[in-house]
Amino acid sequence: MGRGAQVVRASGAVRDGAAPPAGGSDGAPAGDGRRASGAGRALPRVLRQAPVPVALIAMIGLAGAVLGRVYAGPLLGRLVLGAAIGAVLVSVAARRLPSWLVAPLSVLAMAGWTAWSLRLTATRAALPGGLAEITADAAANGIPRLLTAMIPVEPTPDTVLVPLVAAWLAGLAGAEVALRAGRVLLGYLPPVLLYAAALYVVGPNAEPAIGPTLALVVVAALGLAVPAGGAATAGGDPAAGLTPAVRAAVRARLAAATAAGLVVVVALPALLGPLLADRVGGRPVDPRRYVEPPQVETLDENPLIRISGWALNPGQPLLDVRTDGPGPAVPGGSPGPDRDTDPASGTDRPAPIRLAVLSDYDGVTWRVGATYRNAGRILPATAPAPDSTVRTVRQEITVAELSGRLLPAVATPREVTGARVAYDPATGTLIRPEGLTPGLRYTVTSAAETPDGNLLSTADVPAGEEVARVLRVADGVPDPLRRLAAQLAESNGAPYARATAVEQFLAEHYRLVADAPSGHAYPNLNFFLFGPRDAGGQRGTSEQFAAAFAVLGRLAGLPTRVVVGFRAAGDGPVRAGDAYAWPEVLFAGLGWVPFDPLPRPDEEPRPVEEDFRPTPDEPPPSEVPEPTVEPTEPPAPVAGPGRPADAGGPSTALLVGAGAVSTLLLTVAALLALLLMRRARSRARLERGDPGQRIAGAWREVTDALRLAGQPVGGDLSASEVAAHARRAVADARAGRSGPPAAGAGPAPTGAGPPHSGDLDARVDELAGLLNQTAFAPATATAEQAARAVTTAGDYVAALRAARPWWRRVLWAVRPGPLRWPR
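Enquirer: What should I look at first to understand the overall build of the protein in this one?
Expert: A count of helices and strands for the protein gives 24 helices and 17 strands. Here the protein holds 823 residues, and the buried ones make up 40% of them. A fraction of 77% describes how many contacts in the protein between residues 6 or more apart in sequence connect residues 24 or more apart.

Have a look at this one:
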């Protein structure tokens, strides 16, 4: 026993590099032999130990590559790869040092790499300030700015700090666990978590990362498959050389561990496989939806109300502008928003400086309604209108006394330096989240578009869901406004002719003044358009002119919006008197075209009554109170024959029976009430109102049926997408995917299916088209179209209900859900 142990220890000493017997076969000293042997083994040992560090670096680098797909350029991926190399190499170089000393050394190295990376990104983004200021700002705002940044994200200090630190810490943790503790699989956990976090941050904003994910698995497998250090030479049986009892215990533990590991390996795919399979075709969650983007104050959400205040203080300096390039000339077909240059001359003039674009109107307030995203120096480019020319305008703007967060710029900004900005691509509005300060100087490069004025007379306006926002007319429009819009549109069929008619009517009948009160709600516009002149009506600032044009234009079927900005006559100061508002109309192929409804200074406005006279409101009909019938007093109870009126109560059995019968009757009454209420709701939707309302009611019947069948539709889907979803729901139900029928239910009765089921899909698509038609052209739906929509809805509901199990068909008509679901 002792001799065997001595042999084992001796052989182990030889394997571990202990000194052989003095002298060798060639007579060389023993020390020289050890040095030669160690030098010969050094390089193979390094090669055997390299796979795990290389795998860790590659896995972290793949996480950086996945995250870099939402960044502009390859810089982020390179910085993350550098962090991975630095973190792992520090742990490899310090593997012989005490473990408590490795983390401080690695953190110092991380600080150096991070500082260099922040300075590099700040220089590339042309951000002002020192390294300490930049680092403090990035540390305080790194996570929210990363999740609210506009895609593609520009690598700036606040958008690269978090990925760099996370990559370095993942490399440090993975290297220490895998190399120092020898737990390679556990050491893979930090890089894998970093990779999962990168996928989560990217969300649905890039293509699925199938290639990088497969590469991650291959790299991890290679790191596990290649033996490290002397593991390959340790022998095949780890229990060799032990006593039989100890060897049996070791082998039992190994067998138990192997069995447990096998169970885990088999159980995990079995349990997680179906869940993961269901998520393969799903849309990833965007974490940006949980982070509130930069917000603005009321004056920045509706700068239109500032026009009257600026008009009363016209000399207040707001900006100082230096322009490097000319702006576009306004189309010759319309005077445009800047009247300082004759459009007939054809000469160019500086484009107006835009402060905000207001697209949303609720009948009370025009609002920007923007979703701002933190942006870098380069803003996302949008394709210009096909029939327009683009000129580059570069301006250096210095803020004087302009307050708020809105950042002025010529439309459409493409690059901003000297200020950190947030941007809304839908409206082209810029803000500085920190707010404007006197002396702030920034440079903005814009792509100013000039539509082809020769195409305006024949241009059409777009329709559909993409422009529903700028076509929406809020409820409560005064009747005179509707009749004025109808009068101006009835004799002008072309969209540009309608827009010009509204523009000329406002310019010829109303007076521009500086002391008019602010306000652009429906009552304000109604008084501005039709109020008596001696009481302050028919006069206003550019606020009322632009708002009235936009509302009348939408009532006439034109997509409109209001823009607030400043006239720029050239280089120099921009004062409060230069602020004004103008409307714009969207034309297909030409983009947004400005109009100028302001009156000419040398023209006296004509009375509105010459061209439009509002019909006086009819007096309300006299109300005749209907006679009311007083209820009669119920008769007093009469005692039965042979029984006093105050006799004892009924027996217990009678009470129990009465209670059961009452409960049954109440249940039946409740179900009957639900049935009648459901049918009344359906009749109200399908039989009452104008054709457009009946079509909308038919559509709600279809969506309610989908929800009753367990196939609800999301609120972000278009009508055509809902129709496709409805077709699939019927097809799945008919194919039996909704579950087999209950045992004993028997086949569906003949005739249960809807008529004309062969063309039901086409009719559902037609119903979606009718819904879009009523949304964007409410008065165009006919009674015949409404009747077809009602028939389609009834057939679809019948088809979907007929495919359900018998007990679900019974409960279908009495489920209370449709009565409380939003209309």
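Enquirer: It is not clear to me how the packing of aromatic side chains should be interpreted in this structure. Could you clarify?
Expert: Given two aromatic rings, their pairing is described by the distance between the two centres and the angle made by the two planes. The full count for this structure, using the stated rule, is 12 aromatic pairs. Centroid distance Tyr361 to Tyr522: 5.5 Å. Interplanar angle 85°. Geometry classified as edge-to-face. Of this pair, Tyr361 sits in strand S3 (residues 360-361) while Tyr522 sits in helix H16 (residues 522-530), and the two are 161 residues apart along the sequence. A connected cluster of aromatic rings, assembled from ring pairs, spans Tyr496, Phe549, Phe587 and Phe595. Between the NZ or CZ atom of Arg561 and the centre of the ring of Trp592, over which it lies, the distance is 4.0 Å. We note Arg567 situated over the ring of Tyr580; from NZ or CZ to the ring centre the distance is 4.0 Å.

Enquirer: Help me understand the environment of Ala138 in this model?
Expert: Within the element layout of this structure, Ala138 appears in helix H6 (residues 131-148). The class for Ala138 is buried, based on a relative accessible area of 1%. Contact partners of Ala138, with chain neighbours within four places excluded, come to Pro157, Asp158 and Leu161.

Enquirer: Looking at this model, I keep getting lost on the nonpolar core. Mind explaining?
Expert: Soluble globular proteins tend to bury their nonpolar side chains together. Core analysis: the largest hydrophobic core is formed by 84 residues, its most contacted members being Leu529 and Phe587. No other element matches helix H17 (residues 542-555), which puts eight residues into this core. Other than its neighbours up to four places away in sequence, Leu529 contacts Leu481, Leu484, Leu506, Tyr510, Gln538, Ala548, Leu552 and Val608. Core analysis: the next-biggest nonpolar cluster, separate from the first, contains 47 residues, Met59, Val160, Leu216 and Ala220 among them.

Enquirer: What exactly am I supposed to notice about the environment of Asn772 here?
Expert: Turning to its location among the elements, Asn772 is positioned in helix H21 (residues 760-776). In sequence terms Asn772 and Ala719 are 53 residues apart; their C-alpha atoms lie 7.2 Å from each other. Residues within four places of Asn772 in sequence aside, it is in contact with Glu465 and Ala719.

Enquirer: Would you mind going over the sheet that holds strand S11 (residues 441-451) with me for this structure?
Expert: Backbone-to-backbone hydrogen bonds join strands into a sheet, with any given pair of strands oriented parallel or antiparallel. An order of S8-S11-S6-S1-S15 is seen for the five strands of this open sheet, with the pairing classed as antiparallel. Bordering the open sheet on either side are strand S8 (413-417) and strand S15 (572-575), each of which pairs with just one other strand. Put simply, the sheet's adjacent strands are angled 30° from each other on average, direction ignored.

Enquirer: Any chance you could explain helix H10 (residues 210-225) here in plain terms?
Expert: Three- or four-residue spacings in an α-helix give side chains the same orientation, since the helix completes a turn every 3.6 residues. The end-to-end C-alpha separation of H10 is 23 Å, in line with the 22 Å expected for 16 residues at 1.5 Å each. Regarding H10, the residues found buried are Leu216, Ala220 and Gly223. The buried side chains of H10 occupy one side of the element, clustering within an arc of 65° when seen end-on. For H10, exposure combined with an orientation more than 90 degrees from the buried face picks out Ile210, Leu214, Val217, Leu222 and Ala225.

Enquirer: What is the right way to read the packing of helix H14 (residues 479-490) against H16 from this model?
Expert: For any two helices packed against each other, one specifies the crossing angle of their axes together with the interaxial distance. Contact geometry for H14 and H16: axes closest at 9 Å, N-to-C directions at 60°. Relative to H16, the element H14 is oriented oblique. Crossing of H14 over H16 shows left-handed handedness. Contacts from Pro480, Leu481 and Leu484 in H14 reach Asn526, Leu529 and Phe530 in H16. Tallied by class, residues from the contact of H14 with H16 come to five nonpolar, one polar and no charged.

Enquirer: Sorry, what's going on with unusual backbone geometry here?
Expert: For residues that are not glycine, phi is negative in most cases, and the peptide bond is trans in most cases. Omega for the peptide link from Ile151 to Pro152 comes to 5°, which places this bond in the cis form. Examined against the element boundaries, Pro152 turns out to sit in the loop between H6 and helix H7 (157-180). Between Ala411 and Thr412 the backbone carries a cis peptide bond, its omega angle lying at -5°. Position of Thr412 among the secondary structure elements: in the loop between strand S7 (409-410) and S8. Positive phi, normally seen in glycine, also occurs at Gln538, with a value near 60°. Owing to a relative accessible area of 4%, Gln538 belongs among the buried residues under this scheme.

Enquirer: Please explain the packing of helix H4 (residues 75-93) against helix H5 (residues 99-124) as it appears in this structure.
Expert: Packing of H4 against H5 leaves a shortest axis separation of 10 Å and a crossing angle of 165°. The angle between H4 and H5 places the two elements in the roughly antiparallel class. The hand of the H4/H5 crossing is right-handed. Counted together, Leu75, Leu79, Gly82, Ala83, Val90 and Ser91 of H4 and Val102, Leu105, Ser106, Ala109, Trp113, Trp116, Ser117, Leu120, Thr121 and Arg124 of H5 form the full contact between these two elements. In terms of residue class, the contact of H4 with H5 is built from 10 nonpolar, five polar and one charged.

Enquirer: How do you make sense of the environment of Gly577 when you look at a structure like this?
Expert: Relative to the assigned elements, Gly577 resides in the loop between S15 and strand S16 (579-587). Note on Gly577: relative accessible area 38%, which makes it partly exposed. Residues Gly577 and Ile307, 270 residues apart in the sequence, show an inter-C-alpha distance of 9.1 Å. With residues near it in sequence (within four places) discarded, Gly577 still touches Trp310, Pro314 and Arg567.

Parameters and conventions
- Residues numbered from 1 in each chain as written.
- Predicted model: local features only at pLDDT ≥ 70, side-chain atom pairs only at ≥ 80, totals over all residues.
- Heavy atoms only, no water.
- Helix = DSSP H or I, 4+ residues; strand = E, 2+ residues; numbered from the N terminus.
- Buried < 20%, exposed > 50% of the residue type's maximum accessible area, 1.4 Å probe, protein only.
- Contact = heavy atoms within 4.5 Å.
- Phe/Tyr/Trp six-rings, centres within 6.5 Å; stacked < 30°, edge-to-face > 60°.
- Lys NZ or Arg CZ within 6 Å of the ring centre and 35° of its normal.
- Core = buried A, V, L, I, M, F, W, Y, C linked by side-chain atoms within 4.5 Å.
- Pairing = 2+ DSSP bridges.
- Axes fitted to C-alpha atoms, helices over the stretch in contact; angles between N-to-C directions.
- Expected span 1.5 Å × (residues − 1).
- Arc of directions from axis to C-beta.
- Parallel < 35°, antiparallel > 145°, perpendicular 65-115°, else oblique.
- Left-handed = near helix turned anticlockwise from the far one by under 90°.
- Nonpolar A, V, L, I, M, F, W, Y, C, P; charged D, E, K, R; others polar.

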